[in-house]
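Each chain is listed here by its residues.
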Amino acid sequence: MLPNLRGPTNYLLALTAFFEILHQSVHFLFLFLAVSGINFINYSTALIFQLHSIFGLTAAQTAMCSTAFDRLLAVSFSMKYDQIKIRPYLFVHTFVAFSSGIWMSINAILFANKYPSIKVTGNMSDLLILDMHILHLFMMLIKCYNLFTCLDSSNNINGAQSDIQSRLLKSLILIFSIVIGGFVCGTILRPIINIFIILNNIQTWYVKVFEGILTNIGASAETPTLYIFRL
């Protein structure tokens with residue numbers, strides 16, 4: 001029988017949710033600037049209010065990878081997984097998530113020191129730097145879930161069909177289509193458009209906002225999906 005979502009996975013989901021709260025709070029500054037008519041502020045000023053959101057975004061993506069890795073271990077090595085020492089195991093996941101958030105925050109601070117007067121709207125897409133490294137985290141997540149799906153499909157072929165396996169497969173399909181799809185679409189949309197249309201700065205900004213909507217839909221969907229189809 002496949003392991004359920006109790007135990008370490010609950011902690012990882014809660015950790016991801018905590019980081020997502022920090023991440024999603026980024027929208028308050030953007031809303032204030034838009035409503036007040038200020039529209040643009042210096043990057044260094046925006047970072048004072050948004051540094052925690054950059055930390056939360058990066059750490060949340062790392063925590064998503066940790067959740068994927070945890071599920072992969074639970075299915076592939078179920079006997080050894082049950083014998084894992086919980087505290088050291090969760091400490092490693094937590095340390096990696098916090099380290100990635102701190103690393104991205106330091107890079108943002110260094111960028112602000114170098115270019116303090118760049119005008120931004122306060123939107124997350126204006127603040128992100130080194131986004132290719134964030135994309136690398138997404139690719140890690142895709143690989144983990146992809147391997148997990150292959151293992152689950154193999155179990156379905158070689159073993160008896162079960163309600164647990166069916167619900168697990170449904171959750172993975174939704175994760176691929178909504179969570180991963182939202183991240184991927186939010187990442188590749190602008191480069192694809194740029195192939196066919198040369199966008200000015202304002203048009204580029206609107207596309208980046210739309211990318212952010214897709215990404216946020218994806219970011220918000222993983223935990224409810226795993227909860228709905230919990231085992």
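Residues numbered from 1 in each chain as written. Predicted model: local features only at pLDDT ≥ 70, side-chain atom pairs only at ≥ 80, totals over all residues. Heavy atoms only, no water.

A. A look at the overall build of the chain. What the chain contains, in helices and strands, is nine helices and two strands. The helix and strand sequence of the chain, counted from the amino end, reads α-α-β-α-α-α-β-α-α-α-α. Sorting the 231 residues of the chain into buried and exposed places 44% on the buried side. Within the chain, contacts between residues at least 6 apart in sequence are counted, and of these 84% link residues at least 24 apart. When the accessible area of the chain is evaluated, it comes to approximately 12,500 Å², of which 71% is carbon and sulfur surface. (Helix = DSSP H or I, 4+ residues; strand = E, 2+ residues; numbered from the N terminus. Buried < 20%, exposed > 50% of the residue type's maximum accessible area, 1.4 Å probe, protein only. Contact = heavy atoms within 4.5 Å. Areas by Shrake-Rupley, 256 points an atom, 1.4 Å probe, with all protein chains shown as cover.)

B. Summary view of the UniProt feature "transmembrane region" (unreviewed entry) in the chain. Following the UniProt record, the feature "transmembrane region" (unreviewed entry) maps to residues 12-35, 47-69, 90-112, 132-151 and 172-193 here. Span residues 12-35 is 92% helix and 0% strand, its end C-alpha atoms 36 Å apart. Secondary structure across residues 47-69 divides into 100% helix and 0% strand, with the first and last C-alpha atoms of the span separated by 32 Å. (UniProt positions renumbered as here; feature names shortened; annotations may be inferred.)

C. Looking closely at the side chain of S53. Tracing the backbone shows S53 in helix 3 (residues 43-76). Here the side chain of S53 touches H52 through a polar contact of 3.4 Å, side chain to side chain. Aside from chain neighbours lying at most four places away, what touches S53 is L22, H23, S25, V26 and M124. (Polar contact = N/O pair within 3.5 Å; in protein donor to acceptor, adjacent residues only side chain to side chain.)

D. Quick peek at the confidence of the model for the chain. In the predicted model, the chain carries a mean pLDDT of 75, and the fraction of residues at 70 or more is 69%. Counted against residues more than four places away or in other chains, residues 157-161, with its pLDDT under 50, gives two contacts. (pLDDT = per-residue confidence, 0-100.)

E. How the structure looks around the environment of Y81. Positionally, Y81 belongs in helix 4 (residues 78-81). In this structure the C-alpha to C-alpha distance between Y81 and D70, which are eleven residues apart in sequence, comes to 8.9 Å. In contact with Y81, other than residues within four places in its own chain, are P8, T9, D70, R71, L73, A74 and Y89.

F. Broad picture of the nonpolar core. In terms of nonpolar packing, the biggest core is built from 15 residues, with I41, Y43, A46, L47, I54, V120 and L127 touching the most fellow members. At the level of secondary structure, the elements contributing two or more residues to this core comprise helix 2 (27-36), helix 3, helix 5 (86-114) and helix 6 (124-127). Sorting elements by how many residues they give to this core places helix 3 first, with five residues. Among residues more than four places away in sequence, those in contact with L47 are I54, A108, I109 and A112. Of all hydrophobic cores here, the second largest spans seven residues; its members include F19, F55, A59 and A97. (Core = buried A, V, L, I, M, F, W, Y, C linked by side-chain atoms within 4.5 Å.)

G. Broad picture of a nonpolar patch on the surface. Taken together, the side chains of F18, F98, I102, I106 and L110 present a nonpolar region at the surface, about 450 Å² in accessible area. At four residues, the largest contribution of residues to the nonpolar patch is made by helix 5. In this fold, L110 is placed in helix 5. L110 sits in the exposed class, given a relative accessible area of 52%. (Patch = residues over 30% accessible without salt bridge, like charges linked within 9 Å, V, L, I, M, F, W, Y side chains within 5 Å. Salt bridge = Lys/Arg side-chain N within 4 Å of Asp/Glu carboxyl O.)

H. Representation of unusual backbone geometry in the model. If you check the backbone angles, N39 has positive phi at about 70° while not being a glycine. As for its placement among the helices and strands, N39 is situated in the loop between helix 2 and strand 1 (41-42).

I. Focus on the environment of T94. Mapped onto the secondary structure, T94 falls in helix 5. Residue classification places T94 among the buried positions, given a relative accessible area of 14%. A distance of 2.8 Å separates a polar side-chain atom of T94 from the backbone oxygen of L90.

J. Structural context of the packing of aromatic side chains. One pass over the full model with this rule turns up seven aromatic pairs. Seen in terms of ring centroids, F19 and F55 are 5.8 Å apart; in terms of plane orientation they differ by 80°. Their pairing is edge-to-face. With F19 in helix 1 (residues 8-24) and F55 in helix 3, the pair connects residues that are 36 residues apart, well separated along the chain. The burial state of F19 is the same as that of F55; both residues are buried. On the numbers, 5.1 Å between centres and 50° between planes, the contact of F111 with Y115 is tilted. Taking the relative accessible area as the measure of exposure, F111 reaches 25% and is therefore partly exposed. Among the aromatic residues, ring-to-ring pairing joins F18, F19, F55 and F98 into one connected group. (Phe/Tyr/Trp six-rings, centres within 6.5 Å; stacked < 30°, edge-to-face > 60°.)

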